[in-house]
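# Chain and residue survey
Spelled out, the chains give:
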Amino acid sequence: MSEYSGEAKYRPKRYQSIGKLFKKRVPIISWLPKYDADQAVSDLIAGVTVGLTVMPQGLAYATLAGLEPQYGLYSAFAGCIVYTVFGSCKDITIGPTALMSLMTYQQVVNKNADYAVLLCFLSGILQFIMGSLKLGVLIDFISIPVTVGFTSATSVIIAVSQLKGLLGLKFESSTFLDCLLKVYQNIGNYRLNDTILGVTSIIILLMLRKVKDIKLVGPNGKPSNKQRTIMKGLWLLSISRNALIVVACSIISYWCYRPNSEPYVILIGKVRSGLPPLKFPPFGTELNGTPVSFINMCWDLGSSIILVPVIAVLGNVAIAKAFASGNSVDATQELYCLGVCNLLGSFVSSMPVTGSFSRSAVNHASGVRTPMGGMYTGILIILSLSLLTPYFYFIPKAALAAVIISAVIFMIEYEIVKPMWKSSRKDLIPTFATFILCLGIGVELGILVGVAINIMLLLIPSARPFLHIEMKKLRTGLDYLLVTPENSLYFPAVDFMRAKTDRAAVKMGQSKLPVVVDCKHILDADFTAAKGIAGLIMDFKRRKQPLCFYNPRKSVLAVLQGVCVDEIVHCFTYDELEQTLNDINFSGNSAELKDIVHTTSQQSHETPLLNRRQH
């Protein structure tokens, strides 16, 4: 019995911890038993409202990604349903977004849909691994300036790419500059009907976007019940604007359609009806009759295998924080959840997905109470795939282009430039560098170079720390030179600091005044820095000029003492500093500092101040 008593004693606690972890990673277990009818009604209203928004966006974003329209709906229902089970934020709606569509298009162009589905699968795998290893901290290396430049550039790229559908042009392009050139070359071939329909749709969409901001008040300064109802109707009209425009344009196209004549406007054409088959992601494909292996597909996808999941997580965590209402956000859980959404979504032919800020805002404004709202949205999309796909044939491409352009133009964050200029102008460097490079060489390389520039700006203060140098005078009237480094000591900075301190000691200190290095900002040091300080001490010893280190941290002092052969003259209080410099001046022979031994204040427990040898 004693052999197993210890194991039995701790088994319940182990099971309890596993149960807590399971509840944490599968949040639906915690909130579903408390789910009631009131929550169900609120979630149903929000879910249907979001569904009316995501259907036209899904069709539009699939075409933006270079895929057939139904792939956008596949991605939408898969993400919404999976997030219901694993999501930690009730407001987030997972599905296709303009940014993910653009990054997918870069890999699908001149290929086929298998690449998009495989990219979704690999993104899910990487996100799940990142969550398991708690690597969400890597996302912190993508700063706000880089993110602003990246999202603004992608918005411009997306808007320009939609000019083709908006104007009814027919051409193929691969990059932003190529698309801009093709639009310029083919502008004379624009289709009047498509242009009128697209531009009119944009104007109406922008007007409807502002309708929700109309406020009505009564004589007492508060809205009446009738006015509240009107404002609620205006709000519903505003958030349903995408669906209303697509439906209205589809009706016009259907009314003008003649089977044996050229269509009034360019239509998206036939959309495959029914649910996608449940199957494994493609680990091989065929291009132009040539088989392509899994390894070659991964090689073709290149850096997007890493960048797409990282950008997706960055956006998803940002949305979760925006709607957290002051609560903490479990970034690891969002990594896990997004990984599962992409991983399982790839089995139903989904392209890479992430949280949509616009749809999440609609979800929040619609009064969603739990993540179950995503389930209702997913069910509505499944019903549309089963029942409405024949009618999708008549949706004009110009209308979908108008929906996308109206959404992405508000992602261009030009307004942040002014406060950035006032607060930290150097942050404009990675912002504009990322923006220009994303437009010029592509979004993947653009963001990588932007992050690299940002990291370089972080490293520059470590390599060239600011040294504050000034003449000081003790209470006894003795002059000394105070050198205050403004950063920790690491290998890139040690030669710079040594040279600048030496130069100041010779020019300002006339090679004889004591030099005091104030170490209050030096939080850490490395071996190379310690070697440099040892060289600095030798420089001063050759000139017979006193050098003292004031208020060093014990950890920094231990690093320096581990390398320096000569004693490091140091003190921790101003009284000790004053006593040390006075004694050095009194001795008149700085070359024999080892002969000057003081006892420190009671705070240092009678440890010799000078001549602190290693024993």
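Residues numbered from 1 in each chain as written. Predicted model: local features only at pLDDT ≥ 70, side-chain atom pairs only at ≥ 80, totals over all residues. Heavy atoms only, no water.

As a reminder, the rule being used: UniProt positions are given in the numbering used here, feature names are shortened, and annotations may be inferred rather than shown by experiment.
The name an unreviewed UniProt entry assigns to the protein chain is Sodium-independent sulfate anion transporter, from the organism Schizaphis graminum. UniProt annotates the protein chain under Subcellular location (unreviewed entry) with the comment "Membrane".

## Comments concerning the environment of Asp330
Applied cut-off: By the criteria applied, helices consist of DSSP H or I runs no shorter than four residues and strands consist of E runs no shorter than two, each listed in order from the N terminus. Should any heavy atoms of two residues lie within 4.5 Å, those residues are counted as being in contact.
Following the sequence through the fold, Asp330 ends up in the loop between helix 14 (304–322) and helix 15 (331–345). Excluding residues that lie within four positions of it along the chain, Asp330 makes contacts with Lys24 and Arg25.

## A closer look at helix 10 (residues 192–211)
Note the cut-off: Here the expected length of a helix is defined as 1.5 Å per residue gap, with one fewer gap than residues.
Over its 20 residues, helix 10 extends 29 Å from the first C-alpha to the last, a length consistent with the 28 Å expected when each residue adds 1.5 Å. As for helix 10, its buried residues are in contact with helix 8 (163–167), helix 11 (225–239), helix 12 (241–256) and helix 19 (397–408).

## Considerations on the side chain of Thr154
Cut-off, in case you're wondering: Relative accessible area decides the class of each residue, using a 1.4 Å probe on protein chains only: under 20% of the type maximum gives buried, over 50% gives exposed, and in between gives partly exposed.
The topology assignment puts Thr154 in helix 7 (residues 144–161). Residue Thr154 is classed as buried on the basis of its relative accessible area, which comes to 0%. Each residue touching Thr154, except ones within four places of it in the same chain, is listed here: Leu99, Leu102 and Val443.

## Thoughts on the packing of aromatic side chains
Under the convention used in this document: Two rings from Phe, Tyr or Trp (for Trp, the six-membered ring) form a pair when their centres are within 6.5 Å of each other. A pair whose planes differ by under 30 degrees is stacked, one over 60 is edge-to-face, and the rest are tilted.
One pass over the full model with this rule turns up 10 aromatic pairs. Consider the rings of Phe128 and Tyr336, whose centres lie 5.2 Å apart with planes at 70 degrees: the pair is edge-to-face. Taken together, the positions of Phe128 in helix 6 (residues 113–132) and Tyr336 in helix 15 put the pair 208 residues apart, joining distant regions of the chain. Given the relative accessible area of 36%, Phe128 is considered partly exposed. Overall, the relative accessible area of 18% leaves Tyr336 in the buried class. Look at Phe283 and Phe294: their rings are 5.7 Å apart centre to centre, the planes differ by 70 degrees, and that puts the pair in the edge-to-face class. Separated by 11 residues along the polypeptide, Phe283 in the loop between helix 12 and strand 2 (284–287) and Phe294 in helix 13 (residues 294–301) bring together distant segments of the chain. On the basis of relative accessible area, Phe283 is assigned to the partly exposed category, the value being 40%.

## Describing the packing of helix 4 (residues 70–86) against helix 15
Formally: Simply put, an axis is a line fit to the C-alpha atoms, just over the touching stretch for a helix, and the angle between two N-to-C directions goes from 0 to 180 degrees. When describing relative orientation, an angle under 35 degrees is termed roughly parallel and one over 145 degrees roughly antiparallel, while 65 to 115 degrees is termed roughly perpendicular and anything else oblique. Handedness of a crossing is defined here by the sense of rotation of the near helix relative to the far one, left-handed for an anticlockwise turn of less than a right angle and right-handed for a clockwise turn. Under this grouping Gly is polar, as are all residues other than the nonpolar Ala, Val, Leu, Ile, Met, Phe, Trp, Tyr, Cys and Pro and the charged Asp, Glu, Lys and Arg.
Contact pair helix 4 / helix 15: the axes reach a minimum separation of 9 Å and the direction vectors enclose 140 degrees. As judged from the angle between their axes, helix 4 and helix 15 are oblique. As for how helix 4 packs across helix 15, the hand of that crossing is right-handed. Of helix 15, the residues touching helix 4 (which contributes Ala78, Gly79, Val82, Tyr83 and Phe86) are Gln333, Glu334, Cys337, Val340, Cys341, Leu344 and Gly345. Looking at the contact of helix 4 with helix 15, its residues break down into 8 nonpolar, 3 polar and 1 charged.

## As for the sheet that holds strand 5 (residues 467–473)
Worth spelling out the cut-off: The criterion for strand pairing is that DSSP finds at least two bridges linking the strands in question.
Spatially, 5 strands are ordered 5-6-7-8-9 in an open sheet, and the strand pairing comes out mixed. Looking at strand neighbours, the two that pair on one side only are strand 5 and strand 9 (570–571), the edges of this open sheet. Sheet strands in contact with helix 23 (residues 491–507) are strand 5, strand 6 (479–485) and strand 7 (515–518), and its direction is about 30 degrees off that of strand 5.

## Brief notes about unusual backbone geometry
One non-glycine residue, Asn110, lies in positive phi territory at about 65 degrees. Turning to its location among the elements, Asn110 is positioned in the loop between helix 5 (98–108) and helix 6.

## Overview of the nonpolar core
Stated precisely, the cut-off is as follows: Nonpolar core, defined: a set of buried Ala, Val, Leu, Ile, Met, Phe, Trp, Tyr and Cys residues in which side-chain atoms within 4.5 Å join the residues together.
By size, the foremost hydrophobic cluster in this structure holds 102 residues, and its most contacted members are Leu67, Met103, Phe150 and Ile311. Considering every element that reaches this core, the biggest residue donor is helix 14, with 11 residues. Among all residues touching Ile311, those that are not within four sequence positions of it are Leu99, Met100, Met103, Ile142, Phe150 and Ile447. Residues Cys519, Ile522, Phe549 and Val563 belong to the second largest nonpolar core, which totals 28 residues.

## Some details on the confidence of the model for the protein chain
Inclusion rule: Each residue gets a pLDDT score, which is the predictor's confidence in that residue and runs from 0 to 100.
Averaged over every residue, the pLDDT of the protein chain is 84; residues scoring 70 or more account for 91%. Between residues 1–11, whose pLDDT stays under 50, and residues either more than four places distant or in other chains, the model counts 0 contacts.

## With respect to the packing of helix 3 (residues 37–64) against helix 4
Two quantities define a packed helix pair, namely the angle between the axes and the distance from one axis to the other. One way to put it is that helix 3 packs onto helix 4 with a least axis distance of 6 Å and a crossing angle of 125 degrees. When the axis of helix 3 is compared with that of helix 4, the two are oblique. As helix 3 packs across helix 4, the resulting crossing turns out to be right-handed. For the pair helix 3 and helix 4, the contacting residues are Val54, Met55, Gly58, Leu59 and Ala62 in the first and Tyr71, Gly72, Leu73 and Ala76 in the second.

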